[in-house]
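Notes for the structure review
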Amino acid sequence: MAKLLAIPYTVKIQKRTYITRKVSISITFLSLILAFLVVGLIFIFMGINPVDVYYHITMVFSSPTLLFESFKRAIPIGLAALGLSIAFRMNFWNIGAEGQMYMGMFASTGIVLLHLYYGLIPDYLVMFLMMLAAFITGGLWCSLPAFLKIKMKVNEILTTLMMNYVAMYFVDFLIYGPWRDPKGYGFPLSAPFPDYAKLVMLLGEFAYTGLLLLSLTAALVYVILKYTKLGFELKIVGESIDTARYAGINLSKVITLGGFLSGGVAGLGGLTIVSGIIGRLRPRASPGYGYTAIIVVLLSSLNPWLIIPVSIFFGGLFVAGDILQAALKIPGAAVEICQASIFLFIIVGEFIKRYRIMIVQKGGIE
Amino acid sequence: MSVEWIEQVLQLTVQMGTVYLLASLGEIYAERSGVLNLGLEGTMIMGAATSFIFSLAYGHFAAIIMSIIVGALMGFILSILVVDMKLNQVIVGLALTMLGIGLSGFITFPEIRKNLLLRLNPYLPQEILATQQSEKLPEIPIPLLSDIPILGKMFFSHNILVYFSLIASLIMWFILFKTSIGLTIRSVGENPSMADSLGVNVYLVRRVTVILSGAFASLAGAYFFIGFHPFWREEVTAGRGFIALALVILATWNPLRAILGAYLFGGVETFQYRLQLFGLGAQSPYFLAMLPYIVTIITLIIISTESIKKRLGAPASLGIPYSREE
């Protein structure tokens with residue numbers, strides 16, 4: 001067994017010094033096409049006609065109503081991705097966007113229920129407080145692992161991942177327990193949000209408000225990363241933590257604050273789910289938007305502007321999944337396959353962009 | 001609380017814990033050699049799906065063998081991407097998990113299942129196609145030993161994979177700490193460039209351990225499905241692969257401690273269901289479900305202290321790809 005695995009060829013990998021923009025973009029597109037081809041092969045193996053699947057996916061992006069629906073899904077994905085772009089910039093592997101979104105949902109629903117049950121807050125303040133609470137709660141949920149990383153060298157990958165589940169079960173607990181709507185016939189749903197707690201202020205459609213919110217956040221993230229001292233420090237921390245230390249950057253402050261911003265923006269994404277898409281809180285309200293956001297960030301190479309179209313694309317995939325399930329009786333997992341396949345091919349593509357691969361026979365010319 | 005009740009709970013604890021134990025055994029080796037296999041959850045669910053389909057098509061033996069092969073294959077893919085291409089272990093692992101969840105999701109639909117089954121075995125009897133119900137692995141009580149009160153039920157009346165998991169953890173502990181192979185694996189995880197200069201093929205060692213972790217994770221999935229809970233639904237493993245990942249840390253990369261940790265987590269989960277049966281604490285299941293994750297976070301914090309880290313032998317270069325300086 002072990003002998004077999006010692007492949008008689010060595011793969012030599014050299015760093016590329018230069019790559020043109022054209023080549024880089026075409027590699028990305030090539031990986032996308034390859035990803036869909038591989039997905040097609042999987043469909044054929046499962047006895048599904050891949051052309052049907054492709055047709056439904058393209059339909060999502062050509063029909064106005066469905067595209068509109070994709071915009072809606074893109075908003076939480078995009079916000080989570082914007083949050084992640086801050087964390088990834090400083091080389092902080094936050095894979096807890098899902099949990100931070102759940103904390104955002106928890107906080108914004110909490111404000112609504114405080115208002116509905118106790119009437120502590122005037123109507124016009126509700127939305128503002130919801131946003132604030134979602135941002136702070138999501139932010140705190142992420143600054144804890146950031147703090148643990150810088151103070152005690154705790155691996156952030158595992159803590160953020162584990163905290164996703166803690167957040168999800170916490171929301172489950174609230175919804176099956178104290179936050180269940182007393183008038184909801186026992187369904188695990190919170191009370192429906194009143195209109196002023198919903199993100200439908202612009203032209204009566206959530207998609208517009210959401211896109212505006214998304215673009216504003218993207219602009220803000222862009223400005224913070226590019227033009228502020230914090231953004232500069234985040235970048236240095238991301239390049240080398242030792243350099244940052246020698247440069248006299250206050251590491252614990254920068255990393256904790258960066259984590260806070262990252263989780264906060266993801267928390268806002270959670271808010272858009274409950275007060276935009278659903279209009280109330282329910283368990284498992286996010287079908288993995290937080291994980292999709294990781295693909296989105298990598299695909300848009302941390303560029304806040306690119307995140308918007310890329311998340312619309314992935315939002316569209318989610319819509320396509322629902323349609324496939326309804327129209328063709330294909331499991332929703334079909335979308336997950338597309339996502340995973342795109343994910344894998346994109347990372348391999350990134351590798352090819354950075355390195356030149358040469359296959360050399362062992363014992364040959366060294 | 002009668003004796004039967006206690007016996008039943010303990011038996012279920014061990015059966016539930018075996019899922020975590022099997023998955024964590026391979027992962028311990030992978031992490032000891034310096035690779036974090038975050039694709040554990042995806043590999044596990046693929047194992048469950050494979051065992052479902054193959055147990056219907058060709059029976060239990062084929063199901064176990066095939067799920068091991070599928071898991072090894074997923075481990076192989078991960079090893080190419082992570083060890084040879086040095087891609088980010090977190091990202092590749094997550095991608096593989098998504099892939100596993102997506103691929104296994106297909107068989108949720110009976111039509112697709114039927115297509116697959118007929119493709120695998122055209123002579124499949126009609127009644128299996130109609131019911132599509134997997135049989136559970138048979139329990140093999142060990143004579144005499146299984147008659148001991150409490151302990152008999154707890155350790156000696158299970159299916160073959162439970163016994164296997166216990167024997168495997170003993171053997172794997174022995175190999176890891178008492179043989180030169182184990183020393184090699186640990187040295188690769190501790191200081192790969194040193195190991196390389198001593199003539200160890202770092203890439204080969206990591207490739208093998210990652211494939212091993214895939215095979216074990218997949219076997220854990222197969223055990224979970226045909227050995228414990230043979231009813232398919234989408235995302236049937238429900239994040240148990242991530243709990244196994246947590247268990248590896250709780251066990252501080254030691255196969256023997258993994259047994260204790262696995263039964264602890266298994267016990268928590270069994271208790272969760274038992275409490276619900278009693279109607280006790282309608283709120284508590286969610287907090288109990290959080291427990292493994294919270295325990296892990298606390299363990300992570302404790303073992304991240306420099307002195308404790310040294311004493312427990314946490315692999316120093318975990319998650320860092322090795323590339324030879326040329």
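**Overview of the side chain of B:Asn254**
Residues and elements named next belong to chain B. Considering the arrangement of structural elements, one finds Asn-254 in the loop between helix 12 (240–250) and helix 13 (255–278). Among the polar contacts made by the side chain of Asn-254, one reaches the main-chain amide nitrogen of Leu-256 at a distance of 2.9 Å. Apart from residues no more than four positions distant in its own chain, Asn-254 is found in contact with Ile-28, Trp-173 and Phe-177.

**Re the interface of chain A and chain B**
Contacts between the two partners involve 54 residues from chain A, matched on the other side by 49 residues from chain B. Between chain A and chain B, roughly 4,800 Å² of surface is buried when both sides are summed, and carbon and sulfur atoms account for 82% of that area. Taken together, the connections running from chain A to chain B amount to 0 salt bridges. Applying the counting criterion to the chain A and chain B interface returns 1 residue pair in polar contact (both at pLDDT 80 or more).

**As for the environment of B:Gln272**
Residues and elements named next belong to chain B. Mapped onto the elements, Gln-272 comes out in helix 13. Given the relative accessible area of 13%, Gln-272 is considered buried. When the C-alpha atoms of Gln-272 and Arg-233 are compared, they prove to be 20 Å apart, with 39 residues separating the residues in sequence. With near-sequence residues (within four places) excluded, Gln-272 lies in contact with Pro-285, Leu-288 and Ala-289.

**Details of the side chain of B:Thr296**
Position of B:Thr296 relative to the elements: it lies in helix 14 (residues 284–303). For B:Thr296, a relative accessible area of 1% gives the class buried. Only 2.7 Å separates the side chain of B:Thr296 from the backbone oxygen of B:Pro292, close enough to count as a polar contact. For B:Thr296, the contacting residues outside a window of four places in its chain are A:Met162, B:Ala246, B:Ile249 and B:Phe265.

**Considerations on a nonpolar patch on the surface**
A surface patch of nonpolar side chains, amounting to about 620 Å² of accessible area, comprises A:Tyr124, A:Leu125, A:Phe128, A:Leu132, A:Ile136 and A:Leu140. For A:Ile136, the location among the structural elements is in helix 6 (residues 123–152).

**Some words on the pattern of salt bridges**
All names here are of chain A. Inspection of every chain in the model, using the stated rule, returns 11 salt bridges over all chains. A salt bridge links Lys-149 to Glu-156; the nearest nitrogen and oxygen atoms lie 3.4 Å apart. Among the residues examined, Lys-149 registers a relative accessible area of 22% and is labelled partly exposed. For Glu-156, a relative accessible area of 6% gives the class buried. Through salt bridges with shared partners, a single ionic network connects Glu-69, Lys-72, Arg-73 and Asp-322.

**Remarks on helix 12 (residues 289–299) of chain A**
All names here are of chain A. Among the 11 residues of helix 12, 11 are classified as buried, and the element is accordingly described as predominantly covered. Of all the residues in helix 12, the buried ones are Tyr-289, Gly-290, Tyr-291, Thr-292, Ala-293, Ile-294, Ile-295, Val-296, Val-297, Leu-298 and Leu-299. Remark: Ser-301 follows helix 12 within two positions and exhibits a positive phi of approximately 40°.

**A word on unusual backbone geometry**
All names here are of chain B. Positive phi values are uncommon outside glycine, yet Ala-238 reaches one of about 45°. With respect to the helices, strands and loops of the structure, Ala-238 is situated in the loop between helix 11 (202–228) and helix 12. Relative accessible area serves as the criterion here: at 36%, Ala-238 is assigned to the partly exposed category. Of note, the phi angle at Trp-253 is positive, near 55°, even though the residue is not glycine. Tracing the sequence through the fold places Trp-253 in the loop between helix 12 and helix 13.

**Some points on helix 2 (residues 21–45) of chain A**
The end-to-end C-alpha distance of helix 2 of chain A, which contains 25 residues, comes to 37 Å, matching closely the 36 Å that a straight helix rising 1.5 Å per residue would cover. Buried within helix 2 of chain A are the following residues: A:Ser24, A:Ile27, A:Thr28, A:Ser31, A:Leu32, A:Ala35, A:Phe36, A:Val39, A:Gly40, A:Ile42 and A:Phe43. Looking at the packing, one finds that the buried side of helix 2 of chain A touches helix 3 (50–62), helix 12, helix 13 (304–327) and helix 14 (333–354) of chain A together with helix 4 (89–105) of chain B. A:Gly47, located one to two residues past helix 2 of chain A, shows a positive phi value of around 80°.

**So, the nonpolar core**
A:Phe88, A:Met130, A:Ile294, A:Phe343, B:Leu38, B:Phe106 and B:Trp232 are the most contacted members of the largest nonpolar core, which has 228 residues in total. With 14 residues, helix 7 (residues 156–176) of chain A is the single largest residue contributor to this core. When sequence neighbours within four positions are dropped, the list of residues in contact with B:Phe106 reads A:Ile42, A:Phe43, A:Met46, A:Ile48, A:Ile330, A:Pro331, A:Ala333, A:Ala334, A:Ile337 and B:Ile112.

**Things to note about the packing of helix 3 (residues 60–84) of chain B against helix 11 of chain B**
For any two helices packed against each other, one specifies the inter-axial angle together with the distance between the axes. Put simply, helix 3 of chain B and helix 11 of chain B touch, their axes get as near as 7 Å, and they point 145° apart. Crossing geometry of helix 3 of chain B relative to helix 11 of chain B is assigned as right-handed.

**Focus: the packing of aromatic side chains**
All names here are of chain B. Enumeration over the complete set of coordinates arrives at 27 aromatic pairs over all chains. Arranged with centres 5.8 Å apart and planes meeting at 15°, the rings of Phe-52 and Trp-232 form a pair that is stacked. Of the two residues, Phe-52 sits in helix 2 (residues 40–58) while Trp-232 sits in the loop between helix 11 and helix 12, which places them 180 residues apart along the sequence. Residue class for Trp-232 comes out buried when judged on its relative accessible area of 14%.

Reading the values: the criteria
- Residues numbered from 1 in each chain as written.
- Chains lettered and ligands numbered in written order.
- Predicted model: local features only at pLDDT ≥ 70, side-chain atom pairs only at ≥ 80, totals over all residues.
- Heavy atoms only, no water.
- Helix = DSSP H or I, 4+ residues; strand = E, 2+ residues; numbered from the N terminus.
- Polar contact = N/O pair within 3.5 Å; in protein donor to acceptor, adjacent residues only side chain to side chain.
- Contact = heavy atoms within 4.5 Å.
- Buried area = accessible area lost by both parts, 1.4 Å probe.
- Salt bridge = Lys/Arg side-chain N within 4 Å of Asp/Glu carboxyl O.
- Buried < 20%, exposed > 50% of the residue type's maximum accessible area, 1.4 Å probe, protein only.
- Patch = residues over 30% accessible without salt bridge, like charges linked within 9 Å, V, L, I, M, F, W, Y side chains within 5 Å.
- Areas by Shrake-Rupley, 256 points an atom, 1.4 Å probe, with all protein chains shown as cover.
- Expected span 1.5 Å × (residues − 1).
- Core = buried A, V, L, I, M, F, W, Y, C linked by side-chain atoms within 4.5 Å.
- Axes fitted to C-alpha atoms, helices over the stretch in contact; angles between N-to-C directions.
- Left-handed = near helix turned anticlockwise from the far one by under 90°.
- Phe/Tyr/Trp six-rings, centres within 6.5 Å; stacked < 30°, edge-to-face > 60°.

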